[in-house]
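As a plain string of letters, each chain reads:
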Amino acid sequence: MITVTPVTDAGILEIHMSGNITAEEYETVLTPAMDAALSDHDRIRLLAVVGPGFDGFTAKAAWADTKMGLRHWTGFDRIAIVTDVGWIEILSKTLGFAFPGPVESFDLDEIDEARRWLTESLGSLHMTDLGNGVLHVQLLGKLDTAAYAEADDRLDTFIDEHPNFSLLLDLREFDGWQGLAALGDHLKLVR
């Protein structure tokens, strides 16, 4: 069975899966909810609770999941998977790097931590105008797409005001990117 909680103001879509998941449930419950969420938001944060009592997917449901995931590939900002199902946890840790946003798995008793993780900042870009056309940029933590969205306008404004600027890039506390979408946003920003 699949149950869906409407998207919160923070852009979080919460789904719960238990029992044996069928393709019909994907078509009648999950896919319409996902489509509606992504029509209202460019990207969503997904909380997927798998279990207790999760028995698996039918083959057609697994295919429906793959199709939906590919169709909405860039629509996920972050994914938190809360589960007591070992193979789901291993799969999320093994393939999580390939998703456009960060994927983190949590035990069933850590659902509050999963919700907190979905709402907290994972990293940031700090910019300081040092004067004389010098911009100090610090990359802190693991950057996600939101960090780049916030930095983009500020950087454009600085460049417009200082066409011959110098850049001091501080990577001492940079831990990398949260998913391929953040790396892509980084490359766009650099370009």
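What counts and how
- Residues numbered from 1 in each chain as written.
- Predicted model: local features only at pLDDT ≥ 70, side-chain atom pairs only at ≥ 80, totals over all residues.
- Heavy atoms only, no water.
- Helix = DSSP H or I, 4+ residues; strand = E, 2+ residues; numbered from the N terminus.
- Buried < 20%, exposed > 50% of the residue type's maximum accessible area, 1.4 Å probe, protein only.
- Contact = heavy atoms within 4.5 Å.
- Areas by Shrake-Rupley, 256 points an atom, 1.4 Å probe, with all protein chains shown as cover.
- Lys, Arg positive; Asp, Glu negative; His and termini not counted.
- Charge placed at Lys NZ, Arg CZ, Asp CG, Glu CD.
- Phe/Tyr/Trp six-rings, centres within 6.5 Å; stacked < 30°, edge-to-face > 60°.
- Lys NZ or Arg CZ within 6 Å of the ring centre and 35° of its normal.
- Pairing = 2+ DSSP bridges.
- Right-handed = clockwise from strand over helix to strand, strands pointing away.
- Salt bridge = Lys/Arg side-chain N within 4 Å of Asp/Glu carboxyl O.
- Core = buried A, V, L, I, M, F, W, Y, C linked by side-chain atoms within 4.5 Å.
- Axes fitted to C-alpha atoms, helices over the stretch in contact; angles between N-to-C directions.
- Parallel < 35°, antiparallel > 145°, perpendicular 65-115°, else oblique.
- Left-handed = near helix turned anticlockwise from the far one by under 90°.

(A) Seen up close, the overall build of the protein chain. On a plain count of helices and strands, the protein chain comes out with six helices and nine strands. Dimensions along the principal axes, computed over C-alpha positions, put the protein chain at roughly 65 × 30 × 25 Å. Looking at the protein chain as a whole, 44% of its 191 residues are labelled buried. Across the protein chain, the fraction of contacts at a sequence separation of at least 24, relative to all contacts at a separation of at least 6, is 72%. Here the protein chain has roughly 10,600 Å² of accessible surface; of this, 55% comes from carbon and sulfur atoms. Taking the average place of the 14 positive charges on the side chains of the protein chain and the average place of its 32 negative ones, the gap between the two points comes to 4 Å.

(B) Quick look at the packing of aromatic side chains. Tallying each qualifying case throughout the model produces seven aromatic pairs. Look at F54 and W87: their rings are 6.5 Å apart centre to centre, the planes differ by 40°, and that puts the pair in the tilted class. Taken as a pair, F54 in strand β3 (residues 44-57) and W87 in helix α3 (residues 86-95) lie far apart in primary sequence, 33 residues in all. An aromatic cluster is present here, built from Y26, F54, F57 and W87 joined pairwise through their rings. Here the basic side chain of R78 rests over the ring of W117, its NZ or CZ set 5.5 Å away from the ring centre.

(C) Up close: the pairing of strand β2 (residues 12-21). With seven of ten residues buried, β2 lies mostly within the body of the structure. Pairing of strand β1 (residues 2-5) with β2, which is carried by four bridges, proceeds in the antiparallel orientation. Looking at the pairing, V4 lines up with I15 of β2. Remark: six residues form the turn of the hairpin made by β1 and β2, two consecutive strands paired antiparallel; G11 in that turn has positive phi of roughly 80°. Two elements, β2 and β3, share nine bridges in a ladder whose sense is parallel. In the sheet register, H16 faces β3, and the bridge partner there is V49. Note on the crossover from β2 through helix α1 (residues 23-40) to β3: the handedness is right-handed.

(D) Structural view of the pattern of salt bridges. Enumeration over the complete set of coordinates arrives at seven salt bridges. In this structure, the salt-bridge partner of R115 is D112, at a minimum N-O distance of 3.5 Å. Taken as a pair, R115 and D112 lie in helix α4 (residues 111-119) at a separation of three residues, close to a single helical turn. The exposure class assigned to R115 is partly exposed, which follows from its relative accessible area of 31%. Look at D112 and you get partly exposed, because its relative accessible area is 49%. The salt bridge involving R172 is made with D170; its shortest N-O contact spans 2.6 Å. Look at the salt bridges and you will find they share partners, linking E14, D112 and R115 into a network.

(E) Layout of the nonpolar core. One finds M17, Y26, L30 and M34 to be the most contacted residues of the largest nonpolar core, which totals 24 residues. Among the secondary structure elements, those contributing two or more residues to this core are β2, α1, β3, α2 (59-71) and β4 (76-83). Once you skip the residues sitting within four places of it in the chain, M34 turns out to touch L13, I44, L46, M68, H72 and F76. In terms of nonpolar packing, the next biggest core, distinct from the first, is built from twelve residues, L125, V137, L139 and L155 among them.

(F) Structural view of the packing of helix α5 (residues 145-161) against helix α6 (residues 180-190). Where α5 meets α6, the closest approach of the two axes is 9 Å, and the angle between their N-to-C directions is 15°. The angle between α5 and α6 falls in the class roughly parallel. Read as a crossing pair, α5 and α6 show a hand that is left-handed. In this structure, α5 uses T145, Y148, D152 and L155 to contact α6, whose residues at the interface are A181, A182, D185, H186 and L189.

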